[in-house]
Protein chains: 2
Amino acid sequence: MPSREVTVAILGASGAVGEQLLRNLEARNFPVKELRPLASKRSAGKTIQFRGEDIVIREATPEAFEGVDIALFSAGGGVSKTFAPEAVKRGAVVVDNTNAFRMDPNVPLVVPEVNKDAIKNHQGIIANPNCSTIQMVVALKPLYDRFGFDRVIVSTYQAVSGSGAKAMTELQEQSQAILDGREPNKEVMPVGALDKHYPIAFNAIPQCDVAEENGYTLEEMKMVRETKKIFSDNRIGLTATCVRVPVLRGHSESLYVELNKDFDIEEIRQALREGEGIILEDDVASQVYPMPQTATGRDEVFVGRVRRDTINPRGLNMWVVSDNLLKGAATNTVQIAEYLI
Amino acid sequence: MPSREVTVAILGASGAVGEQLLRNLEARNFPVKELRPLASKRSAGKTIQFRGEDIVIREATPEAFEGVDIALFSAGGGVSKTFAPEAVKRGAVVVDNTNAFRMDPNVPLVVPEVNKDAIKNHQGIIANPNCSTIQMVVALKPLYDRFGFDRVIVSTYQAVSGSGAKAMTELQEQSQAILDGREPNKEVMPVGALDKHYPIAFNAIPQCDVAEENGYTLEEMKMVRETKKIFSDNRIGLTATCVRVPVLRGHSESLYVELNKDFDIEEIRQALREGEGIILEDDVASQVYPMPQTATGRDEVFVGRVRRDTINPRGLNMWVVSDNLLKGAATNTVQIAEYLI
């Protein structure tokens, strides 16, 4: 049980993840003495609900972090870069949900089920990994511990909420337009800041972030780099294809892993069943497997379709689904905050 | 140019693929002397349009194949098993679009871009591969010829039209229900004949056919078996994860291939660019890549996101999209028929 009550700031309180952070703090009965919702000037003045009370969102300024113990950041990488040092200077510990500090060697990158011990090395900032990385490493952890691996091939099926509340509205409006035979508006997908926009409704877009020079997208390279850092193991090789699909909430991943030891498929299932934060839903003969709609609103990582590669006896396929706004963002952030108190 | 005009029967003329077969025969100016649309008793009496004329669908009976030169079958495996021998007995050559005869050693399994020479060994029946296999082998063919491979890992993003016209209606109705806040009806997806049905709208279902005993689905094992047969190469190892996504038309595939020779990525692009039936759309920096919505209504296989594995220098990732009702079904069927005349 927590030993003290703390003042918690939420930066990005009006966003899709911000909303889930509030619900998660409530649901997990986090010992909040004062909740301080912060956002850009544009959203300041709006109210959010927390434990039945309306609280007015304040504009994020350096001074707004005075007296804050824990600051949960989820308002974009640029905003984090500006305000995280200000919050730390005023004594807060920042749990940052953006890409701003994830690969900074002085910042622990934490998924508690995998590397909670890294939390204690923080110097004021702890980073929350990318949503698609988090659910994957939770599923891989029990296999890493018992069998080891240095090779992972992953293809993702990512929900639009990974791009925020606007993207969710866009998918809904585009779906309605296409059902009505109208031309859909395109403003957010695949990447708001880029030039070209494509409809995501009834489509699949093989781009979840900006392109890097090697032909991969940043989202794909995040999975490569973050996985090595979270496991503290640079031998882990990973190659990723990240794809946006017309799903509102819940990322799915088709994972292929080459294990370092021989295995019996029942040993794999048992390891997953005992894995922290994992629910095994694995019986395709009875049509039992994880899906985004059944994972929505839940904190765990769901694993199914577990089966041996038809070629390599040490190869393993599985299907991993989790709510990207919860375990992929808010839940993982609040779990880290719990370890801080 | 074709040397003769032929009588063509279409079994399953009222279905999603049947409709595309008609449009394809028109568009490719196939030398049809007489078009004979056939279907079950239930659909007999309806009319279809061909070259501006209304033609009444007849009930499929053994006698309905009298005088038919080429019979295009797309009405389910059971129907094919009943009527293919009857059609052959009456002198027709059957191009079958179901799973009924694909693995029969006496039946060529043909994708013309890969193995058109197999057509001449037919004994009355030629099988059209599964939609997800066809587009994959077209994309793999130039790499097979120039570099060789014996290892493929594929994850699919399959459109609902692979399950027919009813599934397309279901996705549309479910989407509207969810947008309206109503409970969606579930009758077709993931597999009509099975007990459990899940919404496909705003969801992803990791099951495209019935389960086999090894934990794979039939759809996944079709890709494994058919690929070996089409390339006449049992050394090709393939492992597949087949997933249904809320897309109406156009299957996408995330393909990982381990080539047998070193390569320069530009050589790969050049090979694909020159590959038969392939259009290369590969420039992620300019947001150019294949998508189901841009592939819909087109006969080719679209390839993009071509990039070297970040681990294995002989590993290659690519993204392959094609219209499953066209190249994945009707176009491939009509191409085979063209080689017959």
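Residues numbered from 1 in each chain as written. Chains lettered and ligands numbered in written order. Predicted model: local features only at pLDDT ≥ 70, side-chain atom pairs only at ≥ 80, totals over all residues. Heavy atoms only, no water.

In the annotation of an unreviewed UniProt entry, chain A is listed under the name Aspartate-semialdehyde dehydrogenase and assigned to Marininema mesophilum. Listed under Function (unreviewed entry) in UniProt, the entry text for chain A is "Catalyzes the NADPH-dependent formation of L-aspartate-semialdehyde (L-ASA) by the reductive dephosphorylation of L-aspartyl-4-phosphate." Here is the UniProt Sequence similarities (unreviewed entry) comment for chain A, exactly as written: "Belongs to the aspartate-semialdehyde dehydrogenase family." (UniProt positions renumbered as here; feature names shortened; annotations may be inferred.)

Okay, the overall build of chain A next. Regarding its fold elements, chain A presents 9 helices and 14 strands. Each of the three principal axes of chain A carries a C-alpha extent, and together these read 60 × 55 × 40 Å. Here chain A holds 341 residues, and the buried ones make up 62% of them. Here the analysis covers contacts within chain A between residues at least 6 apart in sequence; of these, 66% occur between residues at least 24 apart. In the structure as shown, chain A presents an accessible area of about 12,500 Å², 46% of it carried by carbon and sulfur atoms. (Helix = DSSP H or I, 4+ residues; strand = E, 2+ residues; numbered from the N terminus. Buried < 20%, exposed > 50% of the residue type's maximum accessible area, 1.4 Å probe, protein only. Contact = heavy atoms within 4.5 Å. Areas by Shrake-Rupley, 256 points an atom, 1.4 Å probe, with all protein chains shown as cover.)

Let's shift gears to the UniProt feature "active site" (unreviewed entry) in chain A. Residue and element names in this part refer to chain A. Mapped onto this structure's residue numbering, the UniProt feature "active site" (unreviewed entry) falls at Cys131 and His251. Spatially, the listed residues are clustered: although they cover 121 residues, their C-alpha atoms lie within 8.2 Å of one another. Inspection of the secondary structure puts Cys131 in helix H4 (residues 131-146). Since its relative accessible area comes to 12%, Cys131 is described here as buried. When near neighbours in sequence (up to four residues on either side) are disregarded, Cys131 contacts Glu219, His251, Asn324 and Gly328. Tracing the backbone through its elements, the reader meets His251 in strand E11 (residues 251-259).

Rotating chain B by 180° and translating it 0.0 Å along the rotation axis places it on chain A, where the RMSD comes to 0.0 Å. Within this description, the copies of the chain are treated as partners about a two-fold rotation axis. Of the residues that chain B buries at the interface, 100% are likewise interface residues in chain A, meaning the two copies contact each other through the same surface. (Least-squares fit on C-alpha atoms with pLDDT ≥ 70 in both.)

Bringing the interface of chain B and chain A into the picture now. Tallying the contact residues gives 66 residues for chain B and 66 residues for chain A. The contact between chain B and chain A buries some 5,200 Å² in all, and 56% of this surface belongs to carbon and sulfur atoms. The largest contributions to the chain B side of the interface with chain A come from Phe202, Gln287 and Gln293 of chain B, which together make up 13% of the buried area. Between the two partners, chain B and chain A, sit 8 salt bridges. In this structure, Glu220 of chain A engages Arg307 of chain B in a salt bridge whose closest nitrogen and oxygen atoms are separated by 3.6 Å. Contributing elements (two or more residues each) for the side of chain B that touches chain A: strand E9 (149-157), helix H5 (165-179), helix H6 (218-231), strand E10 (237-241), strand E11 (251-259), helix H8 (292-295), strand E13 (301-308) and strand E14 (315-322) of chain B. In terms of residue class, the side of chain B that touches chain A is made up of 36 nonpolar, 21 polar and 9 charged. (Buried area = accessible area lost by both parts, 1.4 Å probe. Salt bridge = Lys/Arg side-chain N within 4 Å of Asp/Glu carboxyl O. Nonpolar A, V, L, I, M, F, W, Y, C, P; charged D, E, K, R; others polar.)

Let us now look at unusual backbone geometry. Put simply, Met189 of chain A and Pro190 of chain A share a cis peptide bond, and its omega is 0°. Of note, Pro190 of chain A is situated in the loop between helix H5 (165-179) and helix H6 (218-231). Even without being a glycine, Phe202 of chain B presents a positive backbone phi close to 55°. Examined against the element boundaries, Phe202 of chain B turns out to sit in the loop between H5 and H6. On the basis of relative accessibility, which here comes to 8%, the residue Phe202 of chain B falls in the buried class.

Residues and elements named next belong to chain A. Under the domain assignment, chain A is made up of domain 1 (6-128 + 329-340) and domain 2 (133-324). For domain 1 and domain 2, the distance between their C-alpha centres works out to 25 Å. Summed over both sides, the interface between domain 1 and domain 2 buries roughly 1,600 Å², with carbon and sulfur atoms accounting for 60% of that surface. Here domain 1 and domain 2 share 1 salt bridge between them. We note a salt bridge from Arg102 to Glu226, for which the minimum N-O separation is 3.5 Å. The interface formed by domain 1 and domain 2 includes 8 residue pairs in polar contact (both at pLDDT 80 or more). (Domains from an automatic or database assignment. Polar contact = N/O pair within 3.5 Å; in protein donor to acceptor, adjacent residues only side chain to side chain.)

Two quantities define a packed helix pair, namely the angle between the axes and the distance from one axis to the other. Residue and element names in this part refer to chain B. Two elements in contact, helix H4 (residues 131-146) and helix H7 (residues 265-274), have axes whose closest approach is 9 Å; the angle formed by their N-to-C orientations is 125°. Between H4 and H7, the crossing angle belongs to the class labelled oblique. In this structure, H4 crosses over H7, and the sense of that crossing is right-handed. Across from Ala139, Pro142, Leu143 and Arg146 in H4, the residues of H7 making contact are Ile268, Ala271, Leu272 and Glu274. (Axes fitted to C-alpha atoms, helices over the stretch in contact; angles between N-to-C directions. Parallel < 35°, antiparallel > 145°, perpendicular 65-115°, else oblique. Left-handed = near helix turned anticlockwise from the far one by under 90°.)

Any pair of aromatic rings gets described here by the distance separating the centres and the angle formed by the planes. All chains considered together, the criterion is met by 17 aromatic pairs over all chains. With a centroid separation of 4.5 Å and an interplanar angle of 40°, the aromatic rings of Tyr144 of chain B and Phe231 of chain B are classed as tilted. Of this pair, Tyr144 of chain B sits in helix H4 while Phe231 of chain B sits in helix H6, and the two are 87 residues apart along the sequence. A relative accessible area of 8% means that Phe231 of chain B is categorised as buried. Between the aromatic rings of Phe147 of chain B and Phe263 of chain B, the centroid separation amounts to 6.4 Å while the plane-to-plane angle is 75°, which identifies the pairing as edge-to-face. With a gap of 116 residues between them, Phe147 of chain B in the loop between H4 and E9 and Phe263 of chain B in the loop between E11 and H7 connect regions that are remote in the sequence. Take Phe147 of chain B and Phe263 of chain B: they sit in the same class, and that class is buried. By way of ring pairs, the aromatic residues Tyr157 and Trp319 of chain A together with Tyr157 and Trp319 of chain B are connected into one cluster. (Phe/Tyr/Trp six-rings, centres within 6.5 Å; stacked < 30°, edge-to-face > 60°.)

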